[in-house]
Amino acid sequence: MAAQSNLRRRVVRQRRHLFALPVLAAAFAAGCMPVTTPAPAATNTPASRVEPPPAPSVAPPTSLPSPRLQGPVSFEAAAARRRSMRSFTDQRLTLAELGQLLWAGQGITSPAGLRAAPSAGALYPLELYAVTPDGVYHYRPQGHQLVLHLAGDMRPALATAALSQSSVAQAAVVIVIAAVYARTAQKYGATRTPRYVVLEAGHVGQNVLLQAVALGLGGVPIGAFYDDQVQAVLKLPADQEPLYLIPIGRPA
Ligand SMILES: Cc1cc2nc3c(=O)[nH]c(=O)nc-3n(C[C@H](O)[C@H](O)[C@H](O)COP(=O)(O)O)c2cc1C
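No experiment lies behind these values; they were computed from the predicted model shown.

This part takes up the confidence of the model for the chain. Per-residue pLDDT for the chain averages 83, and the proportion of residues at 70 or more is 77%. The spread of mean pLDDT over the elements of the chain runs between helix α2 (residues 21-32), the lowest at 28, and strand β5 (residues 173-179), the highest at 99. Contacts of residues 1-57 to residues separated by more than four positions or lying in other chains number 43 contacts, the stretch itself having pLDDT below 50.

As structure tokens, this is what we get:
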């Protein structure tokens, strides 16, 4: 009961944020997108004092290799083989493997923009991040691209936020599913939204885990973590709540 009223409060809070959503979205997009240096304003400054334009502070998006649509492992075999795996070698993933995992979670699979996992009202409230040894990347389904969100290895800090679970620190990548509840609340309101959004995270999580098996990788879905700490470590936008961490790597 208390949990339900907490959820209601959260959705009401997020509905309040709805008004600010376009602004937040624009701010986040601006932070993620390649910076085009604005043309300097015309001034009377002598040429010798004109500062060079600032270097772009954000790397351009990385296009991921096209996802493969056929593989050597059947759905049945992947479902039968899937087991939570918590120990990994220190081998990294290829860009193609990483792209395939993200595509399985939120990839666009139709000309209309529909995605690999179902979404209530096709409102797509979930955002995926890939926490790698190099940095934290945001997955952009449009264009199947990665955008650098945060440089550096955040896995150790993320593991601390997840009750020091070693699978998080060891994984070649931790796929993070974060939710923007307001996207779903605009249509489904306070009662259905919390349910729909977490159901969707389940769909995405299972797709990612089965794709991992099909790639010869392993992973584990993690729900035990401090939300505020994960938010802080990953510097998630204020309207995004982490729901799942999915460490993935090569079986040790
Ligand atoms: C919602 C949810 C939260 C979970 N959280 C954790 C977790 O924090 N740490 C962990 O090691 N496993 C976690 N698991 C994995 C379960 O422990 C695991 O699925 C269960 O033991 C069954 O084993 P199997 O996945 O190998 O079939 C979680 C699973 C679910 C569905």
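Our next topic: the sheet that holds strand β4 (residues 145-151). Taken in spatial order, the seven strands make up an open sheet running β1-β4-β3-β2-β5-β7-β6, and their pairing is antiparallel. The outermost strands of the open sheet, each flanked by one partner alone, are β1 (62-63) and β6 (218-219). With two bridges connecting them, β1 and β4 associate as antiparallel partners. In the sheet register, Thr62 faces β4, and the bridge partner there is Leu146.

Let us look at helix α7 (residues 181-214). The first and last C-alpha atoms of α7 sit only 31 Å apart over 34 residues, clearly below the 50 Å expected at 1.5 Å per residue. Of all the bends found along α7, the most pronounced is centred on Gly189 and spans about 130°. One or two steps after α7, the chain reaches Gly216, where phi turns positive at roughly 80°.

Residues in close proximity to the ligand include Arg83, Ser84, Arg86, Gln165, Val220, Pro221, Ile222, Gly223 and Ala224, which together make up its full environment. When the residues that make up the shell around the ligand are grouped by side-chain class, the tally is four nonpolar, three polar and two charged.

What follows is about the packing of helix α4 (residues 95-106) against α7. α7 packs onto α4 with a crossing angle of 150° between their chain directions and a minimal axis gap of 7 Å. When the axes of α4 and α7 are compared, the crossing they make is right-handed. Of the residues in α7, those touching α4 at Gln100, Leu101, Ala104, Gly105 and Gln106 are Val204, Asn207, Val208, Gln211 and Ala212.

Take the pairing of strand β7 (residues 241-249) next. Buried residues dominate β7, accounting for eight of its nine residues. With two bridges joining them, β6 and β7 adopt antiparallel strand pairing. Among the inter-strand pairings, Gly219 is bridged to a residue of β7, identified as Ile248.

Here we come to helix α8 (residues 227-234). Working note: α-helix, 3.6 residues per turn, so residues spaced by three or four point in the same direction. Of all the positions in α8, only Val230, Val233 and Leu234 are classed as buried. Projected onto a plane normal to the axis of α8, the buried residues spread over an arc of 85° and lie on a single side. What points out from α8, more than 90 degrees from its buried face, is the exposed set Asp228 and Ala232. Elements that come into contact with the buried residues of α8 comprise β2 (126-131), β3 (135-140), β4, α5 (155-161), β5 and β7. One or two residues past the end of α8 sits Lys235, with phi positive at roughly 50°.

So, about the nonpolar core. Within the largest apolar cluster, 63 residues are counted, with the highest numbers of intra-cluster contacts made by Ala130, Leu158, Val173, Val174, Ile175, Val176 and Ile177. No other element matches α7, which puts 12 residues into this core. Among all residues touching Ile177, those that are not within four sequence positions of it are Leu126, Leu128, Ala201, Val204, Gly205, Leu243 and Tyr244.

Turning our eyes to something else, we now look at the environment of Leu126. Relative to the assigned elements, Leu126 resides in strand β2. With residues near it in sequence (within four places) discarded, Leu126 still touches Gln106, Ile177, Ala178, Ala179, Glu200, Ala201 and Val204.

Thresholds applied
- Residues numbered from 1 in each chain as written.
- Predicted model: local features only at pLDDT ≥ 70, side-chain atom pairs only at ≥ 80, totals over all residues.
- pLDDT = per-residue confidence, 0-100.
- Helix = DSSP H or I, 4+ residues; strand = E, 2+ residues; numbered from the N terminus.
- Contact = placed C-beta atoms within 7 Å.
- Pairing = 2+ DSSP bridges.
- Expected span 1.5 Å × (residues − 1).
- Bend = angle between axes of the 7 residues up to and from the residue.
- Near = placed C-beta within 6 Å.
- Nonpolar A, V, L, I, M, F, W, Y, C, P; charged D, E, K, R; others polar.
- Axes fitted to C-alpha atoms, helices over the stretch in contact; angles between N-to-C directions.
- Left-handed = near helix turned anticlockwise from the far one by under 90°.
- Buried ≥ 20, exposed ≤ 12 C-beta atoms within 10 Å, placed from the backbone.
- Arc of directions from axis to C-beta.
- Core = buried A, V, L, I, M, F, W, Y, C linked by C-beta atoms within 7 Å.

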